[in-house]
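Analysis of the macromolecular model
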Amino acid sequence: MDVPEDAAERAVTMSGLCFQRNTTGRDFVVGDLHGQSAMFDALLRAVSFDRSKDRIFSLGDIIDRGTGSEELLVRFSTEPGFFAIRGNHEQMLIEADDNLGNFKMWQTYGGNWALSLSLSRRLELADLAKRLPLAASLELADGRKVGLVHAEVPPGTSWSDAFAAAATPEDQRDADATRIAASLLWGRQRYSALEAKVRDPEGKAVSASRRSDIDLASQPVAGVELVLCGHNIVEGHKPKLLGNTLFLDTGSFEKRGRLTMYEPATRAYWQCRWVSRVPTVSRAMLPATP
């Protein structure tokens, strides 16, 4: 798939933008796609997505583990109404050709779809990935502000600080996500707290120190009404809320996984899963958000 000549200019304008309210159409946010183009298109059909006025936002990890990786990265970089933030898999693509170690790590985590591509094509796609911001802000029709990040806003960090973070080459190798930017790409503290609360709601089986960490990670992100993120595959393959962070990665590439698309204005979400080799979509509602 060719990249249109104006793709670079269009993508650059996305970096750091706050998306104003959509006055004519609907806004949707989709979890980790991982190259699942057929599931994604089934979701768009299910909501009668109107390319002339609706918008769709990807939470990153557009690529890897699925055969539609190249196609989806180009679509989210060029199509009107399609926007994306960067995930850790896009970060791995960006740094894959820096050295052999990076390339092997990327292949281990699903980058083998690109083995048939030329080096020049990989670099072209990496350039598109570089232009994806690490965070985006979306204003809803009722004035609420929704934050979009791939993995998490680290506990104790405000939305304004997270929004201002920028990626550096070290972020990919920051396994403990000690930098804000690395947490946006790789962090798991908030989801770990969610899992802990499910297993032990009263925190009786953990130390006082761990309970303090869980409490901090459960606090809402200041400066924004709701944060939508992916990265951590939610147990049970349904969206879950902790504080004001909603986790939308429901394992699209897994055998029993689903691809989830959420409409913040209505709290409705749609999920696509494979049934007898047919992408099948269902609809549900989330409780009112904070």
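In this report, we go over the structure that sits alongside the text. Values in this document were obtained by computation on a predicted structure and should not be read as measured data.

**Section: the overall build of the protein**
- Each helix and strand in the protein was counted, giving 10 helices and 12 strands.
- A compact globule built from 290 residues should have a C-alpha radius of gyration of about 19 Å, and the protein, at 18 Å, falls within 12% of that.
- If one aligns the C-alpha atoms of the protein with their principal axes, the spans along those axes are about 55 × 45 × 40 Å.
- Taking all 290 residues of the protein together, 54% fall into the buried category.
- As presented, the protein carries roughly 12800 Å² of accessible surface, and 50% of it is formed by carbon and sulfur atoms.

**Some details on the packing of helix α3 (residues 69-78) against helix α6 (residues 119-130)**
- Where α3 contacts α6, the axes come no closer than 10 Å and their chain directions differ by 40°. Put simply, α3 runs oblique to α6. Where α3 crosses over α6, the handedness of that crossing is left-handed. Residues Glu70, Leu73, Val74 and Ser77 of α3 lie in contact with α6, whose contacting residues are Arg121, Leu125 and Leu128.
- Split by residue class, the contact of α3 with α6 holds 4 nonpolar, 1 polar and 2 charged.

**Overview of helix α9 (residues 189-199)**
- For α9, the full list of buried residues reads Arg190, Tyr191, Ala193, Leu194 and Ala196.
- The inward-facing, buried residues of α9 abut α10 (208-217), β8 (240-242) and β9 (245-247).

**Some details on the sheet that holds strand β6 (residues 145-149)**
- Taken together, 6 strands build an open sheet; the order of strands is β1-β5-β6-β7-β9-β8 and the sheet is mixed. Each of the sheet's edge strands pairs with one partner strand only, and the pair in question is β1 (18-19) and β8.
- Where α9 meets the sheet, it contacts β8 and β9, and its direction lies at approximately 100° from that of β8.

**Side note on the packing of aromatic side chains**
- What the rule picks out here adds up to 13 aromatic pairs.
- An angle of 55° between the planes, with centres 5.2 Å apart, marks the rings of phenylalanine 76 and phenylalanine 82 as tilted. Like phenylalanine 82, phenylalanine 76 is buried.
- The ring of phenylalanine 253 carries the charged tip of arginine 65 above its face, separated from the ring centre by 4.5 Å.

Each value, and the rule that gives it
- Along each chain, residues carry numbers from 1 onward, in the same order as the chain's sequence is written.
- Residues qualify for local features only when their pLDDT is at least 70, as the model is predicted, and side-chain atom pairs are given and counted only at 80 or more; totals for whole chains, interfaces and linings, by contrast, use all residues.
- Where side-chain values are given, they derive from all heavy atoms of the structure, hydrogens and water being excluded.
- Put simply, DSSP H or I for four residues or longer makes a helix, DSSP E for two residues or longer makes a strand, and each gets a number counted from the N terminus.
- With C-alpha atoms as the basis for the radius of gyration, the globule rule is written as 2.2 Å multiplied by the number of residues raised to the power 0.38.
- Working definition: with a 1.4 Å probe on protein chains only, accessible area under 20% of the residue-type maximum means buried, over 50% means exposed, and in between means partly exposed.
- Residue burial considers only the protein chains on display, and all accessible areas are found by Shrake-Rupley using a 1.4 Å probe.
- Orientation is described by lines fitted to C-alpha atoms, with helices fitted over the stretch in contact, and by angles between N-to-C directions that extend from 0 to 180 degrees.
- Any angle that is under 35 degrees is reported as roughly parallel, and any over 145 degrees as roughly antiparallel; angles of 65 to 115 degrees are reported as roughly perpendicular and all others as oblique.
- Put simply, a crossing is left-handed when the front helix is turned counterclockwise from the back one by less than a right angle, and right-handed when it is turned clockwise.
- Residues are treated as being in contact if the distance between any of their heavy atoms lies within 4.5 Å.
- Three categories are distinguished: nonpolar for Ala, Val, Leu, Ile, Met, Phe, Trp, Tyr, Cys and Pro, charged for Asp, Glu, Lys and Arg, and polar for the others, with Gly belonging to the last.
- For two strands to be treated as a pair, DSSP must find no fewer than two bridges joining them.
- Aromatic pairs are defined between Phe, Tyr and Trp rings, using the six-membered ring for Trp, whenever the two ring centres lie within 6.5 Å; interplanar angles under 30 degrees are classed as stacked, those over 60 as edge-to-face, and all others as tilted.
- Criterion for a charge above a ring: Arg CZ or Lys NZ at most 6 Å from the ring centre, at most 35 degrees from the ring normal.

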